[in-house]
Amino acid sequence: MSKISDGPSGSGRSEIGGVPTRYIGIGVLVVLAVWFLFANLDEVEIQFWVFTVTTPLWIALLATLLAGGVLGWLLKGRRGR
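Cut-offs applied
- Residues numbered from 1 in each chain as written.
- Predicted model: local features only at pLDDT ≥ 70, side-chain atom pairs only at ≥ 80, totals over all residues.
- Heavy atoms only, no water.
- Helix = DSSP H or I, 4+ residues; strand = E, 2+ residues; numbered from the N terminus.
- Polar contact = N/O pair within 3.5 Å; in protein donor to acceptor, adjacent residues only side chain to side chain.
- Contact = heavy atoms within 4.5 Å.
- Axes fitted to C-alpha atoms, helices over the stretch in contact; angles between N-to-C directions.
- Parallel < 35°, antiparallel > 145°, perpendicular 65-115°, else oblique.
- Nonpolar A, V, L, I, M, F, W, Y, C, P; charged D, E, K, R; others polar.
- Buried < 20%, exposed > 50% of the residue type's maximum accessible area, 1.4 Å probe, protein only.
- Pairing = 2+ DSSP bridges.

Tell me about the side chain of Asn-40, and name the residues and values.
Within the secondary structure, Asn-40 is located in the loop between α1 (21-38) and β3 (43-47). A distance of 2.7 Å separates a polar atom in the side chain of Asn-40 from the backbone oxygen of Phe-36. Contact partners of Asn-40, with chain neighbours within four places excluded, come to Leu-57, Trp-58 and Leu-61.

Written out as structure tokens, the structure is:
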């Protein structure tokens, strides 16, 4: 008997050069996010309800990016319910 394979990995998922396209997409997004962060180095004032903070814009953007990532990760388990 011979086994017919779906490809080199046998999973049927798309790959480029042996790397899953999902990882390539994530890598591209990370590079773009880092590029965007370092393109925004100006100081900004962020006003909360009762106080104001002066910080580099890239730190504010990074905090927002991380908060969005954490929320996405936490809500990922709710998908499909």
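Before we move on, can you summarise the packing of α1 against helix α2 (residues 57-76) with the specific residues and values?
Contact geometry for α1 and α2: axes closest at 8 Å, N-to-C directions at 150°. In terms of their interaxial angle, α1 and α2 are classed as roughly antiparallel. Judged by residue contacts, Ala-33, Phe-36 and Leu-37 of α1 engage Trp-58, Leu-61, Leu-62 and Leu-65 from α2. Counted by class, the contact of α1 with α2 contains seven nonpolar, no polar and no charged residues.

Outline the pairing of β3, listing residues and values.
The buried fraction of β3 is low, at zero of five residues. As paired elements, β3 and strand β4 (residues 52-56) share five bridges and run antiparallel to each other. Its bridge partner being in β4, Val-44 is matched across the sheet by Thr-55. The antiparallel hairpin formed by β3 and β4 contains four residues in its connecting segment.

Provide a residue-level description of the side chain of Thr-55, including the pertinent values.
When you line up the elements, Thr-55 lands in strand β4. Overall, the relative accessible area of 11% leaves Thr-55 in the buried class. The contact partners of Thr-55, leaving out residues within four places of it in the chain, are Asp-42, Glu-43, Val-44 and Ile-46.

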